[in-house]
Amino acid sequence: MLAKKTSKNQITIPKKIVDQLPNIKYFEVELKDPADWKLIGQPVKRLDTVDKLTGKQIFGADLTLPGMLNAAIRQCPTFGGKLDSFDASAITGMPGVRKVVPVEDNAVAVVADTWWQAKTALDALPVTWNRGENAQVSSDAISAMLDEGLDAEEAFIGNEAGDPTGALAAAATTVEAVYGYPYQNHAPMEPMNATALWTPERCEVWCPTQNGEAALEAAAEASGLSIAQCDVHKIHLGGGFGRRGAFHDFVTQAVLIAKQMPGTPVKLLWTREEDMQHGHYHPITRCRLTGGLDEQGNLTALHMRISGQSILAAVNPAWMKNGVDTFVFQGLLPDGDHEISYSVPHLLVDHAMRNPPIPPGFWRGVNINQNAIYLECFMDEAAHAAGRDPL
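Residues numbered from 1 in each chain as written. Predicted model: local features only at pLDDT ≥ 70, side-chain atom pairs only at ≥ 80, totals over all residues. Heavy atoms only, no water.

1. A word on the overall build of the chain
Moving on, step 1. Of regular secondary structure, the chain possesses 10 helices and 14 strands.
Moving on, step 2. Principal-axis analysis of the C-alpha atoms gives the chain an extent of 80 × 65 × 45 Å.
Moving on, step 3. Split into buried and exposed, the 391 residues of the chain put 44% on the buried side.
Moving on, step 4. Contacts in the chain between residues far apart in sequence, at least 24 positions, make up 79% of those at least 6 positions apart.
Moving on, step 5. Carbon together with sulfur atoms contributes 53% to the accessible area of the chain, which is approximately 20,400 Å² in total. (Helix = DSSP H or I, 4+ residues; strand = E, 2+ residues; numbered from the N terminus. Buried < 20%, exposed > 50% of the residue type's maximum accessible area, 1.4 Å probe, protein only. Contact = heavy atoms within 4.5 Å. Areas by Shrake-Rupley, 256 points an atom, 1.4 Å probe, with all protein chains shown as cover.)

2. Points about the state of the cysteines
Moving on, step 1. All chains considered together, the criterion is met by zero disulfides.
Moving on, step 2. No disulfide involves C287; its sulfur sits 11 Å from that of C377, the nearest cysteine.
Moving on, step 3. When its relative accessible area of 0% is taken as the criterion, C287 is described as buried. (Disulfide = S-S within 2.5 Å.)

3. What about the packing of aromatic side chains?
Moving on, step 1. Overall, the coordinates contain six aromatic pairs when judged by the stated rule.
Moving on, step 2. Look at Y183 and Y281: their rings are 6.2 Å apart centre to centre, the planes differ by 70°, and that puts the pair in the edge-to-face class. Of this pair, Y183 sits in the loop between β7 (173-181) and β8 (193-198) while Y281 sits in the loop between α8 (272-277) and β12 (285-293), and the two are 98 residues apart along the sequence.
Moving on, step 3. Among the residues examined, Y281 registers a relative accessible area of 9% and is labelled buried.
Moving on, step 4. On the basis of an interplanar angle of 40° and a centroid distance of 6.2 Å, the ring pair of W319 and F327 is categorised as tilted.
Moving on, step 5. Each residue in the set F79, Y183 and Y281 is aromatic and connected to the rest through ring pairs, giving one cluster. (Phe/Tyr/Trp six-rings, centres within 6.5 Å; stacked < 30°, edge-to-face > 60°.)

4. A closer look at the pairing of β8
Moving on, step 1. Extensive coverage of β8 is indicated by the burial of five of its six residues.
Moving on, step 2. By the bridge criterion, four bridges tie β8 to strand β11 (residues 266-269) in an arrangement that is antiparallel. Bridging from a neighbouring strand, A194 pairs with L268 of β11.
Moving on, step 3. Relative to strand β9 (residues 203-208), β8 runs antiparallel, the two being bridged by four bridges. Of the residues in β9, the one forming a bridge with L197 is E204.
Moving on, step 4. Between β8 and β9, which pair antiparallel and follow one another directly, the connecting turn spans four residues. (Pairing = 2+ DSSP bridges.)

Structure below.
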C-alpha cells in the first residue's frame, strides 16, 4: 500500500505542527503475511493492569520531578471576566510560598514547595476581579433564551421530508411535548493538571491528554518557542471524556507559570472547585416535538425543534457547513451513521441556535445523548395518545 502525501486541509494535525513537518514521500509498504502474525488475533494481556490495581500507575497528578515546585490557580469566577489585581505581599511570608504570578488576563497562581501550601496561600490571597458583562447572566436568562428559540421563525434545517406543516394541520390528533437537557461537566476523577519545564531554549510538558498534537501546539504557543523546541510527554489520565481532547487550557497555564520560573519544573493542579467551575460543558438545549396522528393512530407528521447551543460555533467554526452545526442533528439525520431511527412521512427537524456565554465542549456521545432522550420519550407519549403500548 502507499503512504500518501497529505495536504494541510485533509488532516487534523494542528497547522502550526504541519508547517514544520517534512513532506511525506511515496513509498511501498510490504504487508506481513498473516501466517507470521504474532499479536493480531491473539489474546494479549495489558502491561499496566497490575500497576493500576496496586496503585503504582503514575497519572498526571502523581508526577514528580527533581526540584519540582507546585502551583495552584484561581480563575475569574465569571466566564469572560478579567483579573483586576492581587496583593502578593499578603501571603509572601506563608510556608513554602515561592512566587505569586498572573496567568493570562483572567487568573492568578501561587507557586510553592507543595501543592497544599500553594492552595492554602491562594485561598488567603486578596484578589479583585473585573467580572464583566457576563456577571449578569443567570439560569433564568438562559432559560428565556432557549424558550425564545423554540418559537423563532428562523432555524437551520437538519432533516425535512414531505409537508410537515400541512400534515400537522390536517392531523386527527396532535401531541406536543417539550424536553430539556442541562449543562454537564466532564468531571473526571483527576482534575486538570500539567507539569512544565521552560528555558529560553526548550519547553517540556508532562500532561494527561487525549490529543498529544493539540497539547504540543498549546505548549509551543504559550512557550513562545517553535514546535521543534517543545516536547509533550503523555501521562496516563484519570478520565477525559472529551475535556482533555479539544481543550488544553491547563497546558497553556502550566507553561505560562513555568516561564515565570525559568529552569524549574512546575506542576499545576486545579482544585475540584476550579475543575467544576471552568469546564467546557455538554451544551444546554431544549426541544419541542409536535406530532400528528391520523385516525388510526399512526404518526404521520413530526416537527422537532431544537433550541440551544452549538459546540462547533464555539470550538471549531471551520467544521460548520453554511452556518449549520450538523453535530446538533446526531441521530436525527436523513441518512448516514446518525440517521433517524423512525420513518415519518412528513418530517421537519430544525435547530434555532442560541449560544449562552457558557463554553460548550464535546462530552462523550455528544448530541446523540439528548436527541435520543427527546425522540424516544416523545414516541412513548405519542403511543399513549394513540392508545397503544409504547413497546
